[in-house]
Amino acid sequence: MMEKKVTWLELFYDLLFVAAVSKAGHVLLHAEHGVITFEYLLKFVLIFIPVWWAWVGQTLFINRYGQDILSHRIFLILQLLSVLIMTASLSTHFDEHYLSFFVGYIGSRAFTAIQYLTIHKSKSEHQQQAARFLGLSFIIGIVISSGSLFFDSWVRYVILYAGIAVDIILPLLGRKNLVKVPVQTHHLLERFALFTLILLGESVVSIIAVLSADHWDLNSILFTVFTSLFVIAMWWQYFDNVEKKVSKEMQTAGQAIIYGHLFIYISLSMIAASIQLLYQNLLNYEFMLAFVFGSALLYFLSTTLVFHRYRHPHLRLRPVHMVVMVGLLVAFVVVDLIYRVPGYVIMGEEMLFFLVYAKLTT
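Since the model is a prediction, treat every value here as computed from it, not as a measurement.

This paragraph deals with the environment of Phe291. Checked against the element boundaries, Phe291 lands in helix H11 (residues 285–308). When its relative accessible area of 5% is taken as the criterion, Phe291 is described as buried. Each C-alpha atom of the pair Phe291 and Ala273 lies 9.7 Å from the other, and the pair is 18 residues apart in sequence. Setting aside its immediate chain neighbours within four residues, Phe291 contacts Leu28, Ile36, Leu41, Met270, Ser274 and Leu277.

Right under this line is the structure:
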């Protein structure tokens, strides 16, 4: 099978999601009385999941069936317009922009469903069956979510996200069908790595926000240096794994990559937000420690689980490595609870954790 390459139109498609993930991440900057309230944490997740799933839907279609031909380009351009509408309507004030968000998100899903349901008959029987299954799954999710238009209270969001949940879960339940049409692992890893780069860019934006501060002293200089090094270590760890440590020839449904990256992306957004919140000292000390080190723990666990199956057997992490890494985070938290430390020390601890993780896995 010829190796599928990422097209320029796919890269252009990704550009729209730069704004979408930035809007989602900014929700985490709403600190009140020293904490990020459950309301804003929930709003972040509720905004982020449709953005991630809209991107995943089209990415997977291209991975299994996409060709750089006129009809597929037209569908991707229609997707672009839908994502543009959805991104413009992303806000913590859901009610004010609900209709435009609904049109953008459901439009994106509908175009993907149509593509699946119109797969050419020249494809193999397994390919046609998988396409019909995915197309019908998305239609079921769309129909359920469309019921939200008949309500104007919190019920509309329950119905909307019930449809999204069905849309996300059905492919997991139909894994036996999808394994018969395995993803092109090399292309899929490359696509998810490119989206990871977008999320890492949010941490770079946070560093720039710190660099733009009017007042500079030794603390702010150390904070910036430590933060820059730990973001570089994250980049090194992730992309060295993708490039050198995993088998790109494995024939799977790709679901570990797909669903595991949701948690990688959420953790990256949390890390980007934590940089600004920590520097500006907007959180109370205990909550800050939980948020900063909780973000690092989520990133470590999700990247470890995602890549474990795809790593070459002799390069897989052992249980002792897991214990060492989690123990390192726990040690940092315990020490910081006993001795109250400034922000740059916490960033220095983050830097050490990610340097150790990068060394361990690369």
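This part takes up helix H6 (residues 155–173). Taking 1.5 Å of rise per residue, 19 residues should cover 27 Å, and H6 covers 26 Å from first to last C-alpha, within 8% of that figure. Within H6, the full set of buried residues consists of Arg156, Tyr157, Ile159, Leu160, Tyr161, Gly163, Ile164, Asp167, Ile168, Leu170 and Pro171. Where the residues of H6 are buried, they touch helix H2 (38–65), helix H4 (98–117), helix H5 (125–146), helix H7 (175–179) and helix H10 (255–279).

This next bit is on the packing of aromatic side chains. With the rule as written, the count across this model stands at 32 aromatic pairs. Taken together, the aromatic side chains of Tyr13, Phe17, Trp55, Phe192, Phe195 and Tyr265 make up a single cluster linked through ring pairs. It is Arg109 that lies over the ring of Phe138; its NZ or CZ is 4.2 Å from the centre. The aromatic ring of Tyr98 is capped on one face by Arg156, whose charged end is 4.2 Å from the ring centroid.

Residues Phe48, Trp52 and Phe192 are the most contacted members of the largest nonpolar core, which totals 110 residues. For Trp52, the residues in contact, after removing those within four places along its chain, are Ile168, Phe192, Ile258, Tyr259, Leu262 and Tyr265.

Conventions we followed
Residues numbered from 1 in each chain as written. Predicted model: local features only at pLDDT ≥ 70, side-chain atom pairs only at ≥ 80, totals over all residues. Heavy atoms only, no water. Helix = DSSP H or I, 4+ residues; strand = E, 2+ residues; numbered from the N terminus. Buried < 20%, exposed > 50% of the residue type's maximum accessible area, 1.4 Å probe, protein only. Contact = heavy atoms within 4.5 Å. Expected span 1.5 Å × (residues − 1). Phe/Tyr/Trp six-rings, centres within 6.5 Å; stacked < 30°, edge-to-face > 60°. Lys NZ or Arg CZ within 6 Å of the ring centre and 35° of its normal. Core = buried A, V, L, I, M, F, W, Y, C linked by side-chain atoms within 4.5 Å.

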